[in-house]
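Working through the structure, step by step
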Amino acid sequence: MNAGKSTMYYQLVDGSQHNGLVASMEQNTGVASVNGRQARLLDIPGHHSFRHKLESSVKDAAGIVFVIDAVEITPHKVEAAEMLYELLTNSSFAKSRTPLLLACNKADLEEEAHSTEFIRKTLERQLDAMRKTKTAGIGKEASAGVALGAADKPFSFAGLRSKVALVECSAKAGQLDDVRAFIAGCL
C-alpha cells in the first residue's frame, strides 16, 4: 500500500519530495525541526515483515502518525484497518494513551481524495467488523492484545483511551501544517 509514509517522512525531515516516489524497504530514522524543537521520527514500512518492530517503537513514541491514502482507501480499507487494528490493540499503545493522528494523505488530489469523515466512517465500520471476527476467534487468530473499544457498542475512535484525530494533508505537495502541529503538540 503506497499511502505516502516515506514521502511524508522525507518532507518532514529534510523538506525533500524524492519526486513523491519513495518505496521504503527498511526503517528510516531521522530528526525533524518542528517549531524550533527537535522531533525524532521513525518511518516504519507497512510491509508485514516490519510489523514486529511495532512493539518497541510504540513503547517509546510520544505520538503516532498513521498515514492513510485518501484516494485509495476504499480498495485498501481491509489492509489499512488490519494495520490500524494491530496498533490499536497493542498493549504498549493502549497503556500509554499515545496520541494518534490519522493523516489522510493525497488530499491535493481533490477530485479523487475522500474526506476525513468518509475515511473515519469507513475505518470504524471495518474495525468494528474485524473486532467482532477476531473476538469470536473466527479470524486467523483471536485478539491477543487489548480489547478494542466497548464490545457492546459499534467501534468508534472516540471511544478509545488515546486521543485520535484525522487531518487532510499532502506529503507530495508539502501540505503538512496539521501534521507538524500534531508533532509539536506531542513534544
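As a starting point, this report considers the structure included with it. Every chain is numbered on its own, with residues counted from 1 as its sequence reads. Residues qualify for local features only when their pLDDT is at least 70, as the model is predicted, and side-chain atom pairs are given and counted only at 80 or more; totals for whole chains, interfaces and linings, by contrast, use all residues. Neither water nor hydrogens contribute to the side-chain values; these are computed over all heavy atoms in the structure.

Only DSSP runs of H or I covering at least 4 residues are called helices, and only runs of E covering at least 2 are called strands; the numbering of each starts at the N terminus. Within the secondary structure, threonine 122 sits in helix 5 (residues 116-135). Buried, partly exposed and exposed residues are distinguished by accessible area as a fraction of the type maximum, computed with a 1.4 Å probe on protein chains only: under 20%, between the cut-offs, and over 50%, respectively. Since its relative accessible area comes to 7%, threonine 122 is described here as buried. Any two residues whose heavy atoms approach within 4.5 Å are treated as being in contact. Beyond its immediate chain neighbours, meaning those up to four positions away, threonine 122 contacts Ile73 and Lys77.

Further remarks concern a negative patch on the surface. Any residue with relative accessible area above 30% and no salt bridge may belong to a patch, with like charges joined within 9 Å and the nonpolar Val, Leu, Ile, Met, Phe, Trp and Tyr side chains within 5 Å. Each accessible area is a Shrake-Rupley result for a 1.4 Å probe, and residues are judged covered by the shown protein chains and nothing else. Any Lys or Arg side-chain nitrogen located within 4 Å of an Asp or Glu carboxyl oxygen qualifies as a salt bridge. Only four residue types enter the tally: Lys and Arg on the positive side, Asp and Glu on the negative side; His and the chain ends are excluded. Working definition for charges: the position is that of NZ of Lys, CZ of Arg, CG of Asp or CD of Glu. Among the surface-exposed residues, Glu72, Asp108, Glu110, Glu111, Glu112 and Glu168 lie close enough to one another that they form a single negatively charged patch. Mapped onto the secondary structure, glutamate 110 falls in the loop between strand 4 (100-105) and helix 5.

A separate point is the pattern of salt bridges. If you walk through the whole model with that rule in mind, you get six salt bridges. Across the pair aspartate 69 and lysine 106 runs a salt bridge, and its minimum N-O distance is 2.8 Å. Here aspartate 69, found in strand 3 (residues 64-69), pairs with lysine 106, found in the loop between strand 4 and helix 5; they are 37 residues apart in sequence, far enough to count as distant. Through salt bridges with shared partners, a single ionic network connects Glu117, Arg120, Lys121 and Glu124.

What follows concerns the nonpolar core. By size, the foremost hydrophobic cluster in this structure holds 28 residues, and its most contacted members are Leu84, Leu88, Leu100, Leu102, Leu123, Leu127 and Phe157. Of all elements in the fold, only strand 3, helix 3 (77-88), strand 4 and helix 5 reach the threshold of two or more residues within this core. Element by element, the count of residues in this core is highest for helix 3, at seven residues. Those residues within four positions of leucine 100 in sequence are excluded, and the remaining contacts are Ile64, Phe66, Leu84, Leu87, Leu88, Phe93, Lys163, Val164, Ala165 and Phe182. Among the nonpolar cores identified, the runner-up in size contains 20 residues, and Met8, Ala103, Ile183 and Cys186 belong to it. Buried Ala, Val, Leu, Ile, Met, Phe, Trp, Tyr and Cys residues that are joined via side-chain atoms within 4.5 Å together make up what is termed a nonpolar core.

So, on to the sheet that holds strand 5 (residues 164-168). Each strand in a sheet pairs with its neighbour through backbone hydrogen bonds, running either in the same direction (parallel) or in the opposite one (antiparallel). Pairing between two strands is assigned when DSSP locates at least 2 bridges connecting them. Pairing is parallel across the open sheet formed by three strands, whose spatial order is 3-4-5. Here the strands that pair on one side only, and so sit at the sheet edges, are strand 3 and strand 5. Across the sheet, the mean angle separating the axes of adjacent strands is 25° when strand polarity is ignored. A fitted line through C-alpha atoms serves as each axis, taken over the contacting stretch for helices, and the angle formed by two N-to-C directions is quoted from 0 to 180°. The sheet contacts of helix 5 involve strand 3, strand 4 and strand 5, and relative to strand 5 the element is tilted by about 135°. Here helix 6 (residues 177-186) sits on the sheet and contacts strand 3, strand 4 and strand 5; the angle it forms with strand 4, its principal contact strand, is near 170°.

Attention shifts here to unusual backbone geometry. We note that asparagine 35 has phi near 55°; this positive angle belongs to a residue other than glycine. With respect to the element layout, asparagine 35 can be found in the loop between strand 1 (28-34) and strand 2 (37-43). Accessibility expressed as a relative area gives 68% for asparagine 35, which makes it exposed. Unusually for a residue other than glycine, lysine 106 sits at a positive phi of about 75°. A residue is classified by how much of its surface remains accessible, and lysine 106, at 21% relative accessible area, is partly exposed.

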